[in-house]
Amino acid sequence: MAKKKKKKNPVIRFLGSVVAFFKDDRFRYAMGIVFLLVALFLVLSLISYLINWKTDQDFEWGKVFSGPEIQVENSGGKLGAWLSNLLINKWFGIASFIFPVILIIWAMSLYRIRLVQAGKAIRNSLILIILLSLSLGLVFGDAGGALGSGPGGQHGYFLSLWLVASIGTLGTIFVLVICYTAMLLFSTSFLNWIRTRENPFLSTEEQDEGIATDETPLVEQKIEEEPFVVKDEAPDERPPLEKQAPQEEQAPQEEQDSSGKQDVEMTIEDIGPEDVNPDEGALGEYDPTLDLPKFRYPPLSLMREYDQGETTVTNEELISNKNRIVETLGNYNIKIDKIKATIGPTVTLYEIVPAPGIRISKIKNLEDDIALSLSALGIRIIAPIPGKGTIGIEVPNQNPRTVSMKSILASKKFQDAEMELAIALGKTISNETFIFDLTKMPHLLVAGATGQGKSVGLNAIIASLLFKKHPAQLKFVMIDPKKVELSLYSKIERHYLAKLPESEEAIITDTQQVIHTLNSLCGEMDDRYNLLKNAQVRNIKEYNTKFINRKLNPNKGHRYLPFIVVIIDEFADLIMTAGREIEHPISRLAQLARAIGIHLIIATQRPTTNIITGVIKANFPARIAFRVTSGIDSRTILDGPGADQLIGRGDMLFLSGSEPIRLQCAFVDGPEIEDVTDFIGQQKGYPTALMLNPVEAEGGSGPEVDLDKRDDKFEEAARLVVQHQQGSTSLIQRKLSLGYNRAGRIVDQLEVAGVLGPFEGSKARKVLVQDEFSLEQILNKII
């Protein structure tokens, strides 16, 4: 019997609804409106009190809700008269006008308008109210009863009397000067302004105030607005970076040595001035996000909620499926001791414990029979479930739930994830949010038939990174041969994308541009490894930590290294059109790029062995499989069956270890991605995308072949291709009875010799020699 789900305690349910109410964006927006209206009411009441204070002075709370026989002159009515009298007369005097400012700042923070830091601004405003009230009380006293207790209110008047009686007038002024000075130094950029006048070497915190420095470059990019540069008028007056002992101090040391006292020799080891930053420890930590200090992450309100609440699997459905499973197994004399159901968003996992003596393979072979009895597609048997000692039968739900990307991004697990590149994919069978770190994978292969959720999965991966990483910390290289899948991300070109300088569009669609970009990434990889070598570190995390702590000298080529995520859609199309020119740089990046922060995500809808080769699979241990049409395709992706038994619509298997995990991919629609990219694209960004250094393709002038070591069949193959005017490897294989590898080497030799043209993707090579006479001349030169 399936266990009924226990109902939650009503008190807990009520408290949960209360918490959800206060977390709702609508409550936040409503409170912002309330604060603004209260601030307006307070300003009108305070201004009116300044005019009518003689009439409304000492208005008591008990009269606020009295009848119409009691009249006041205040524009805010009786409540405004009482509140103004309380704030101006009894409390802080004219300084009370700062209270409406506090309410406005609070309302701005609720609407995510961060012109100032809300907490810091409110704290400083409260301190200013106290100091200003005290100052007005000290200067004006009670002002002959004006405004009741004077401009400083009763607080300022009586506190100033107490301080004057305790430490005198000069002592009170001294205390006020100290307090104002401390607030000025700790609450504004005044201290930074002073330091810019004293020292031209500025810290990264001061760059936020609009000051540029040559000491720490901003990841080889500049901000759109040209900052104010402090020029050094007298460079000779700068303090030396390395302190040297004066010549006059050396003589007494020598005299001390000659006096017979033992001197302990100290050796200072040279730690490599070429790479060490001379400003280490003096300027504080470098913050790469200060390149775009006002950048705001996209809010979750841009995403849509698709969840239908609690699961829609009924108790009747659970019992019916359980009975059919037990009945089907019973028909084959397989007895079940125990059965347990775990309900997921798309499928329900039935864990069964067979009776002793039942072979697991016997149950595994009944997969089709169970699917027939349940009248359901996508039945998958896990025999056994790793670590549990049970056999799992996954059965699709009759009414599957849609998992929204918003619910995944808002989950505590994702918000608190301390990962370098956290990616939220969806939910597991047990309704748990599934998150992984791309840097640990380190590359990802995504495959699935058309319309099964592959593009949505890519959007979910990209959205996860956009909601977590600052543009200074992450760059994308997006390759889209179809020209439509990734086009929405062109709006964030100046924030998150990287491309070649000669490329007009940031989303790369041309095959030749793809080749150049991948080779440039290989060049970037080599450059980064040289930086790691010079910094004596092993990976990008250690390198960036050193750079942030200013232990590496930017004048010697060191720079902050952002992660680069390369996303390739329709990989099969690229392999068909460019072949080895694409596969070679991808293989290099897949094998070597992990340590320096370059990660590949490759997607294809044709998971065949000629597309996903052994080299690709060996370097892509993490794989995502959506539904495919055959078991062969499933084995190509996952090295086993399973992907052909999925039900589609985001149902997927994630493999990063020995056993795949079944997930329901989070759904993110095109309009949601458009809203996110619009929000990011409207903010200030870099002048251009991150420019990659152009690098020529390795072996661009042809394969490196030594014709002195040409094949024995070289001349025969040359005459064969000239005779047939067809430059294909298969022709040489078939006519000369050779293997594929040997025939391929002969084709490379014919290309170097000038008989055949270069590789042109799926097209046959051009035969450059038209007759045997011309061929004999070429052969005579080689011999």
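The preceding data block contains the structure.
Only a predicted model underlies this, so the values are computations on that prediction, with no experimental measurement involved.

*Asks:* Can you walk me through the overall build of the protein chain in this structure?
*Replies:* Along its length, the protein chain carries 27 helices and 17 strands. Every one of the 783 residues in the protein chain was classed for burial, and the buried ones make up 46%. For the protein chain, contacts bridging at least 24 residues in sequence account for 69% of all contacts bridging at least 6. Looking at the protein chain as shown, the accessible area adds up to about 41200 Å², and 54% of this sits on carbon and sulfur atoms.

*Asks:* Explain the packing of helix α25 (residues 729-736) against helix α26 (residues 740-753) here, please?
*Replies:* For any two helices packed against each other, one specifies the inter-axial angle together with the distance between the axes. Interhelical geometry of α25 versus α26 gives an angle of 120° and a closest axis separation of 9 Å. Taken together, α25 and α26 sit at an angle that is classed as oblique. Considering the relative orientation of α25 and α26, their crossing is right-handed. Between α25 and α26, the residues in contact are Thr-729, Ile-732 and Gln-733 and Tyr-740, Ala-743, Gly-744, Ile-746, Val-747 and Leu-750, respectively.

*Asks:* Even after reading the chapter, I still don't get the nonpolar core, so can you show me in this structure?
*Replies:* Generally speaking, a soluble globular protein has its nonpolar side chains buried in company with each other. The biggest cluster of nonpolar side chains holds 104 residues, and the ones touching the most others in it are Leu-425, Leu-444, Phe-476 and Ile-582. If one sorts the elements of this core by residue count, helix α17 (residues 511-535) sits on top with 9 residues. Filtering out sequence-adjacent residues up to four positions away, Leu-444 remains in contact with Phe-436, Leu-438, Ile-461, Leu-600, Ile-601, Ile-602, Phe-620, Ala-622, Arg-623, Ile-624 and Phe-654. Within the second largest apolar cluster, 24 residues are counted, among which are Ala-717, Ala-718, Leu-750 and Ile-782.

*Asks:* Any chance you could explain helix α24 (residues 714-724) here in plain terms?
*Replies:* In an α-helix, one turn spans 3.6 residues; hence positions three or four apart end up facing the same way. Along α24, the residues classified as buried are Phe-714, Ala-717, Ala-718, Leu-720, Val-721 and Val-722. In this fold, the buried residues of α24 make contact with α25, α26 and α27 (772-782). Positive phi shows up at Gln-725, right after α24, with a value of about 50°.

*Asks:* Would you explain the sheet that holds strand β3 (residues 336-343) in this entry?
*Replies:* Strands belonging to one sheet form pairs held by backbone hydrogen bonds; the direction of such a pair is parallel or antiparallel. With antiparallel pairing, 4 strands are arranged side by side in an open sheet as β3-β4-β6-β5. Where the open sheet ends on each side, the last strands, each with one partner, are β3 and β5 (380-382). Sheet twist, expressed as the mean angle between neighbouring strand axes with direction ignored, is 20°. Of the pairings in the sheet, the one linking β5 to strand β6 (residues 391-396) comprises 3 bridges and is antiparallel in character. Its bridge partner lying in β6, Ile-381 is registered against Ile-393. Seen against the sheet, helix α10 (residues 315-331) touches β3, β4 (347-354) and β6 and runs at an angle of roughly 40° to β4.

*Asks:* Mind showing me how you'd approach the environment of Ser-404 here?
*Replies:* Summarising the element assignment, Ser-404 is placed in the loop between β6 and α13 (405-409). For the pair Ser-404 and Cys-665, spaced 261 residues apart in sequence, the C-alpha separation works out to 8.8 Å.

*Asks:* Even after reading the chapter, I still don't get the environment of Thr-577, so can you show me in this structure?
*Replies:* Relative to the assigned elements, Thr-577 resides in helix α19 (residues 571-578). When its relative accessible area of 32% is taken as the criterion, Thr-577 is described as partly exposed. In the structure, Thr-577 is positioned 66 residues away from Thr-511 in sequence and 7.5 Å away in space, judged by C-alpha atoms.

*Asks:* Would you take a moment to explain the pairing of β6 for this structure?
*Replies:* Regular strands show a simple pattern: their side chains alternate between the two faces of the sheet. With 6 of its 6 residues buried, β6 lies for the most part within the structure. In terms of strand pairing, β4 meets β6 through 6 bridges, oriented antiparallel. Of the residues in β6, the one forming a bridge with Glu-351 is Gly-392.

*Asks:* What's the story with the sheet that holds strand β10 (residues 474-479) in this structure? I'm lost.
*Replies:* Spatially, 9 strands are ordered β8-β7-β16-β15-β14-β9-β13-β12-β10 in an open sheet, and the strand pairing comes out mixed. In this open sheet, the two strands that pair with only one neighbour each are β8 (433-437) and β10. Here the average twist between neighbouring strands, direction ignored, is 30°. In this structure, strand β14 (residues 622-625) lies alongside strand β15 (residues 651-655), joined through 3 bridges in antiparallel fashion.

*Asks:* I keep staring at the pattern of salt bridges and nothing clicks. Help me out?
*Replies:* When their charged atoms lie close together, side chains carrying opposite charge are able to pair. Across all of its chains, the model carries 25 salt bridges by this definition. With a closest N to O distance of 2.8 Å, Asp-678 and Lys-491 form a salt bridge. Of this pair, Asp-678 sits in helix α23 (residues 670-681) while Lys-491 sits in the loop between β10 and α16 (493-496), placing them 187 residues apart in sequence. Among the residues examined, Asp-678 registers a relative accessible area of 26% and is labelled partly exposed. Its salt-bridge partner being Asp-748, residue Arg-765 comes within 3.9 Å of it at the nearest N-O pair. Here Asp-748 lies in helix α26 and Arg-765 lies in the loop between α26 and α27, a separation of 17 residues in the sequence. Asp-748 matches Arg-765 in its accessibility class, with the two residues each being buried. One network of salt bridges, with partners in common, ties together Lys-454, Lys-482, Glu-485, Asp-569 and Glu-570.

*Asks:* Looking at this structure, how should I read the environment of Gly-426?
*Replies:* Here Gly-426 is to be found in strand β7 (residues 422-428). By relative accessible area, which is 0% here, Gly-426 ends up buried. Spatially, the C-alpha atoms of Gly-426 and Met-652 are 9.7 Å apart, while their sequence positions differ by 226 residues. Aside from chain neighbours lying at most four places away, what touches Gly-426 is Ile-408, Glu-432, Thr-433, Phe-434, Gln-664, Cys-665 and Ala-666.

*Asks:* What should I look at first to understand α17 in this one?
*Replies:* Taking 1.5 Å of rise per residue, the 25 residues of α17 would be expected to cover 36 Å, and the 36 Å separating its terminal C-alpha atoms lies within 8% of that figure. The N-cap residue of α17 is Asp-510: its side-chain oxygen and the backbone nitrogen of Gln-512 are 3.1 Å apart. Downstream of α17 by a residue or two, Gln-536 has a phi angle that is positive, lying close to 60°.

*Asks:* Quick question: what am I supposed to make of the packing of α24 against α25 here?
*Replies:* In contact at an axis separation of 10 Å, α24 and α25 are set at 115° when each is read in the N-to-C sense. For α24 against α25, the interelement crossing comes out right-handed. Residue-level contacts link Glu-716, Ala-717, Leu-720, Val-721 and His-724 of α24 to Leu-731, Ile-732, Lys-735 and Leu-736 of α25. Residues belonging to the contact of α24 with α25 are distributed by class as follows: 6 nonpolar, 1 polar and 2 charged.

*Asks:* Would you take a moment to explain the packing of aromatic side chains for this structure?
*Replies:* Here a ring pair, both rings aromatic, is described through the centre-centre distance and the interplanar angle of the planes. Counted according to the given criterion, the structure contains 11 aromatic pairs. Aromatic side chains Phe-35 and Trp-106 sit 4.8 Å apart centroid to centroid with 40° between the ring planes, which places their arrangement in the tilted category. Note that Phe-35 is positioned in helix α2 (residues 25-56) and Trp-106 in helix α4 (residues 98-110), a separation of 71 residues in sequence. The exposure class assigned to Phe-35 is buried, which follows from its relative accessible area of 14%. Judged by its relative accessible area of 41%, Trp-106 is partly exposed.

*Asks:* Teacher, can you tell me more about unusual backbone geometry here?
*Replies:* Comment: phi is negative for the bulk of residues other than glycine, and the bulk of peptide bonds are trans. Of the consecutive residues Ala-383 and Pro-384, the connecting peptide bond is found in the cis state with omega at -10°. For Pro-384, the position within the fold is in the loop between β5 and β6. Here Met-441 and Pro-442 are connected by a cis peptide whose omega angle stands at 5°. Among the structural elements, Pro-442 can be located in the loop between β8 and β9 (444-447). Positive phi, close to 65°, is recorded for Asn-431, a residue that is not glycine. Looking at the secondary structure, you find Asn-431 in the loop between β7 and β8. One non-glycine residue, Glu-570, lies in positive phi territory at about 55°. Along the chain, Glu-570 falls in the loop between β12 (563-568) and α19. Looking at Glu-570, the relative accessible area reads 5%, which means it is buried.

About the thresholds
Residues numbered from 1 in each chain as written. Predicted model: local features only at pLDDT ≥ 70, side-chain atom pairs only at ≥ 80, totals over all residues. Heavy atoms only, no water. Helix = DSSP H or I, 4+ residues; strand = E, 2+ residues; numbered from the N terminus. Buried < 20%, exposed > 50% of the residue type's maximum accessible area, 1.4 Å probe, protein only. Contact = heavy atoms within 4.5 Å. Areas by Shrake-Rupley, 256 points an atom, 1.4 Å probe, with all protein chains shown as cover. Axes fitted to C-alpha atoms, helices over the stretch in contact; angles between N-to-C directions. Parallel < 35°, antiparallel > 145°, perpendicular 65-115°, else oblique. Left-handed = near helix turned anticlockwise from the far one by under 90°. Core = buried A, V, L, I, M, F, W, Y, C linked by side-chain atoms within 4.5 Å. Pairing = 2+ DSSP bridges. Salt bridge = Lys/Arg side-chain N within 4 Å of Asp/Glu carboxyl O. Expected span 1.5 Å × (residues − 1). Polar contact = N/O pair within 3.5 Å; in protein donor to acceptor, adjacent residues only side chain to side chain. Nonpolar A, V, L, I, M, F, W, Y, C, P; charged D, E, K, R; others polar. Phe/Tyr/Trp six-rings, centres within 6.5 Å; stacked < 30°, edge-to-face > 60°.

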